[in-house]
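One letter stands for each residue in the lines below.
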Amino acid sequence: MQRDTDFTFEDIVGSPDIHDSDISKYGATGMEAPDSTDMLRKLRFLRVPELDPDFGANDVTYTITDGGQYPEVVDYIAVSYCWNSFSQTNTALSDSAPTVSVIDQGVRRSPRCPTEVIFRAVNFAHARGVSLIWIDQECINQMDDADVQQHLQCMHTIYKQAKFAIGLLNFELTNWGQFMALMRFTAVTNHIEQHFDTANSPPEFLLNVKNIKFITRLLKSVRRDPWFSRTWVFQERYSAQLNMHLLFRVSSEVRASLMASNYIGPFWADVALPVHKIGSIPALWSFLLKQTSTETIELQLSLEALHEAAQSVCTDFDGAPIELLISVLLTGQNPQESQRPADGFRLKAIFQYIESCDNQVVSDRVAVFANVAELEWRINTTGLSSYSLSLLAVLHINDYLPRVLIRQDDKIEFRSPFILDVQTLALVHQAIELRYLIRNGHKGLDEDLQAVDETLAEFLPVGARQHETAKAFIMHCQEDGQNHDLLPLLASPAGNIKAATIIPVSATIEGLFGGIMKDTSVKRAGLFHSCGNKIVRYAVKSGQLPEGSTFLAFHGAYNWSPKFIDEHFVA
């Protein structure tokens, strides 16, 4: 598969007619996403032998549990790391580290993953009192393609459902000053409520521009860790949300000091920080300082730079408003989906994050996109050549592409995977929604409602269309004794009325993401009947609709923005 995101759809197809792409082979029908709940019941785990960091032995044996051994919800730690970032023999391990072996289905073997990965995960598990660890190299049968594929389809759920997820960084805190600065940076959350009393001064550490600039440089250095650049890791850290903890290595100098204070286990030294603390604290600092008279221009600019650096480390809250960050920090709860920052269209943000990552297998990007977005329908990417067209197909079969209602000349036979039949009941729902929006002050929808009502008049009795809910409409039919005749009609296609998805072939896939609007309360802003007419004229000219097609109304939960229509739907 080719990563062709710089090409327009016309560039990819080689023609302004999208049908020349044979889009049907890109899975226009799709396949349903697997049942992740069932897969979770079958997970295998690496079981920690005992919750005691002082192993006191030269050899340590871990057991891989059988699939289905834990059919109910269970606490476990999901480990995220870059396979190529760790060697099997790592000099960072202390000399006293024991030899590790794994018993898998009754057979003793060496670990498949680097022993460093196991030790770091086990030390975290000891500190949190969790006895089960999930590591992909150990807990997936890498020689069984079916087992690998089943796990790939639900990997996001594995990290989302984990008690804790940990990201193993290569980044090392090389001296005591770096370690203490990071500790002071996160310490502001201790007894956080007292800081909201403006009678209390913010912690002294927050008022020092030098300290803030140092933390900013530190976080920028952390962000360069290879862990942040991998596409599959993006899926893991995005899915884990507040449960993700970043594990920082420490140097031998720092390790010695920490071991002396019993802060760490004997075989590995890590500093673990939850990502939501890193992402939220700069916003909190800025908020607190604005409540006092201590903020200066230099301090303000320093905090803004720190906030930007912190957000790049904390993917899930990149660009979030300060109120949301403070709420997350205080409650420890994930935000509602509607609150999550995504520039009005969540899939656009997911796509952009994936674009910023590296991976060799381009088709993996399609799988990660579908997993992170939790899409209901997937496509089989085997043999597909275009990344952009694959994403287009995924959006289409999951109803994320905007649609328009059209009247098609029934004398012309015209087939397209982007043109669907419309049930009469769907038109009833459309009319009900339009009336609701108009009653609540939304402008520019009267022509849409008139077109839908006139269309319904062709199928339904006069007076049966002015109800505010579909339930009220059905009751009206029953009271009039029309139930027997109308209900089958409501479930049948509405004649030559179709729902059409028109593809702007002059757009790139990234431009297409940026042109989609979501949210019923604002989606029609500036979107008048003339915009729909322009889309249909463009579709006829580009061969996506037959001659004689006419626009009726916008249809579905998504629409193109007026600016995008003016730029790309030019007849």
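Q: Give me the lowdown on the packing of aromatic side chains, citing residues and values where you can.
A: Between two aromatic rings, the relevant description is the distance of the centres plus the angle of the planes. Here the structure, examined in full by the defined rule, presents 16 aromatic pairs. Judged by centre distance (4.9 Å) and plane angle (35 degrees), the ring pair of Trp176 and Phe179 falls under tilted. You can see Trp176 and its partner Phe179 sitting in helix 6 (residues 176-186), three residues apart, about one turn around the helix. Centre to centre, the rings of Tyr400 and Tyr558 are 5.2 Å apart; their planes meet at 55 degrees, and the pair counts as tilted. Of this pair, Tyr400 sits in the loop between helix 15 (387-397) and strand 12 (403-407) while Tyr558 sits in strand 17 (residues 558-560), and the two are 158 residues apart along the sequence. Judged by its relative accessible area of 17%, Tyr400 is buried. Put simply, the rings of Tyr538, Trp560, Phe564 and Phe569 touch in pairs and so form one group of aromatic residues. We note Arg128 situated over the ring of Phe164; from NZ or CZ to the ring centre the distance is 5.8 Å.

Q: Which residues make up the sheet that holds strand 13 (residues 419-423), and what values go with them?
A: Sheet strands associate in pairs through backbone hydrogen bonding, adopting either a parallel or an antiparallel arrangement. Ordered by their spatial adjacency, four strands build an open sheet running 13-14-12-16, and the pairing between neighbours is antiparallel. The sheet is open, and its two edges are formed by strand 13 and strand 16 (550-555), each paired on a single side. Neighbour to neighbour, the strand axes of the sheet diverge by 40 degrees on average, direction disregarded. With five bridges connecting them, strand 12 and strand 16 associate as antiparallel partners. Bridge pairing in strand 16 links Leu405 to Ala553. Lying on the sheet, helix 16 (residues 424-439) is in contact with strand 12, strand 13, strand 14 (493-500) and strand 16; it crosses strand 13 at an angle near 80 degrees.

Conventions we followed
Note that residues are indexed from 1 along each chain, following the sequence as it is written. Whole-chain, interface and lining totals are the exception, using all residues; otherwise, since this is a predicted model, local features are given only for residues with pLDDT of at least 70 and side-chain atom pairs are given and counted only at 80 or more. Hydrogen atoms and water are omitted, and side-chain values are computed over all heavy atoms in the structure. Between rings of Phe, Tyr and Trp, where Trp is taken as its six-membered ring, a pair exists when centres lie within 6.5 Å; planes separated by under 30 degrees are stacked, by over 60 edge-to-face, and by other angles tilted. Strands here are runs of E lasting at least two residues and helices are runs of H or I lasting at least four, both read from the DSSP assignment and numbered beginning at the N terminus. Burial classes follow relative accessibility: with a 1.4 Å probe on protein chains only, a residue under 20% of its type's maximum area counts as buried, one over 50% as exposed, and anything between as partly exposed. Ring-over charges, as used throughout, are those where CZ of Arg or NZ of Lys falls within 6 Å of the ring centre and within 35 degrees of the ring normal. Only strands joined by at least two bridges in the DSSP assignment are considered to pair. Simply put, an axis is a line fit to the C-alpha atoms, just over the touching stretch for a helix, and the angle between two N-to-C directions goes from 0 to 180 degrees. In this description, contact between two residues means that some pair of their heavy atoms is separated by no more than 4.5 Å.

Without other data, these values stay purely geometric and don't point to any function.
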